[in-house]
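# Tertiary structure, described
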Amino acid sequence: MTKPINVWVVRLGLLLALSASWIVLDDQDSTAAFAPLNVDPDKRFVNETKLPVGRLSFEVLEETTGVHLPSRLYFAYADGRTEKPIVGRFKHILVTSAGQEIKTIPVGDYDVYISRGTEYSLDHQKISITEGETTHFTSTLSRAIDTSGFISSDFHLHLQFAMRDGAMVAAAEGVDLLTATDHNVLKDYAPYIDQLNLGRFLTSVVGAEVDTAFGHYNSFPMSVNRWEDREFRYAIRTPGEMLRMLRADPGEEIVQINHPRRWEPSPRSGYFDGRMNRETSEIEYPFFENGFDQVEIYNALTDSEDTGPKPAEGEPPNYDNKHYGRTDLVNQKLKDWYSLLNRGILMTGVSNTDAHITRSRTTTTA
Ligand SMILES: [Zn+2]
Ligand SMILES: [Zn+2]
């Protein structure tokens, strides 16, 4: 019984990892998103370009129901220039929670790609923005995958920008359950989901990523945060002790082992590193705890491989060079997981983004 469920969870997780490409959103300053609801948080960024502007009015509709869909609009110059146009606080990307907006856009010809994660079709519109004029398009997206009986989630999500934006991008990517797992703090997205009227599209759960001397663990739901004090966390002596404490409030947590292996073995953040032999799968740690609910087989943050030249010291990574997919490290974690399953230790394998902040660009090939 358990195995097919595991396989499905992994498959859905991989889809999710693909759909979570909203980490391409590029923005170091989304403070504008704290503006009142009637202020367009994108307009200031367009005005700062000092380019002549026009307006874009658009609607994104679901084909069968006609419902306006939360979605993402990716803008590229129609003349093939690789530089990205600025259309708002997420640079070349607009995110809509209402599914219909009127936006200020610099004059020009654009290819616009409209999407809502991997469960929906992708639409493409060619548009021209003329100074002082309003251009309109209607985009229709249809369900591409039948997910009846399933919900999509990302069980490792930091969203370290404005929480209202976090709720918007999760809805725009078709995430059904927003699992908030920031470092040692509890975040509740429910008020933002309510405020944005997104309740019919997604719900949320409060959790946290807890770092310890023997790995990082996600736990949800959480009702009491006792994890902010680093000294307290690092005084816990064994993974078993920590697991019992995590399950104390409210008593029904899912506890997940995060990134159990790292490229550079790291016993502090990778639970299996230094505790399970990479070659023989032997357990080499007397306090090895088997009682976790799930283990991350794929983590888009720690599993990406650089396929280009290394960035210079102090320079950020070039996300054009990142490869996300079945790397050697993923194969190692599959081997670890199978060895646990073969011993009758049943943990669900999952795949997550571990998205933290926004990125300038990624290529996703998984
Ligand atoms: Zn971590
Ligand atoms: Zn994390």
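Further up the page is the structure itself.
How each quantity is defined
- Residues numbered from 1 in each chain as written.
- Chains lettered and ligands numbered in written order.
- Predicted model: local features only at pLDDT ≥ 70, side-chain atom pairs only at ≥ 80, totals over all residues.
- Helix = DSSP H or I, 4+ residues; strand = E, 2+ residues; numbered from the N terminus.
- Buried ≥ 20, exposed ≤ 12 C-beta atoms within 10 Å, placed from the backbone.
- Contact = placed C-beta atoms within 7 Å.
- Arc of directions from axis to C-beta.
- Pairing = 2+ DSSP bridges.
- Axes fitted to C-alpha atoms, helices over the stretch in contact; angles between N-to-C directions.

Each helix and strand in the protein was counted, giving 8 helices and 17 strands. Buried residues in the protein amount to 39% of all 366 residues. For the protein, the proportion of contacts with a sequence separation of at least 24, taken over those separated by at least 6, is 71%.

Here the focus is helix α6 (residues 239–246). Of the residues making up α6, those classed as buried are P239, M242 and L246. Along the long axis of α6, the arc covered by the buried residues comes to 60°, so they all point the same way. Those residues of α6 that are buried are in contact with β11 (208–212), β12 (215–220) and β13 (254–257).

Looking now at the sheet that holds strand β5 (residues 108–115). Strand order in the open sheet formed by 4 strands is β3-β2-β5-β6, with antiparallel pairing between adjacent strands. Both edges of this open sheet fall to β3 (93–96) and β6 (123–129), since each of them pairs with a single strand only. Direction aside, the axes of adjacent strands within the sheet are offset by 25° on average. Note that β5 and β6 share 7 bridges and pair antiparallel. Note that in β6 the partner of Y110 across the bridge is I127.

Another aspect to go through is unusual backbone geometry. Generally, phi is negative for residues other than glycine and the peptide bonds are trans, each holding for most cases. For the bond from F220 to P221, the omega torsion is -5°, close enough to zero to count as cis. Tracing the backbone through its elements, the reader meets P221 in the loop between β12 and α5 (230–235). Positive phi outside glycine occurs at K91, with the angle close to 55°. Checked against the element boundaries, K91 lands in the loop between β2 (71–77) and β3. Positive phi, close to 60°, is recorded for N197, a residue that is not glycine. Note on N197: 11 C-beta atoms within 10 Å, which makes it exposed.

A sheet is described by the order of its strands in space; here 3 strands give the open sequence β8-β9-β10, paired in parallel fashion. Looking along the sheet, the strands with just one partner apiece sit at the ends: β8 (153–154) and β10 (203–206). As paired elements, β8 and strand β9 (residues 177–180) share 2 bridges and run parallel to each other. Along β9, the bridge assignment pairs S153 with L177.

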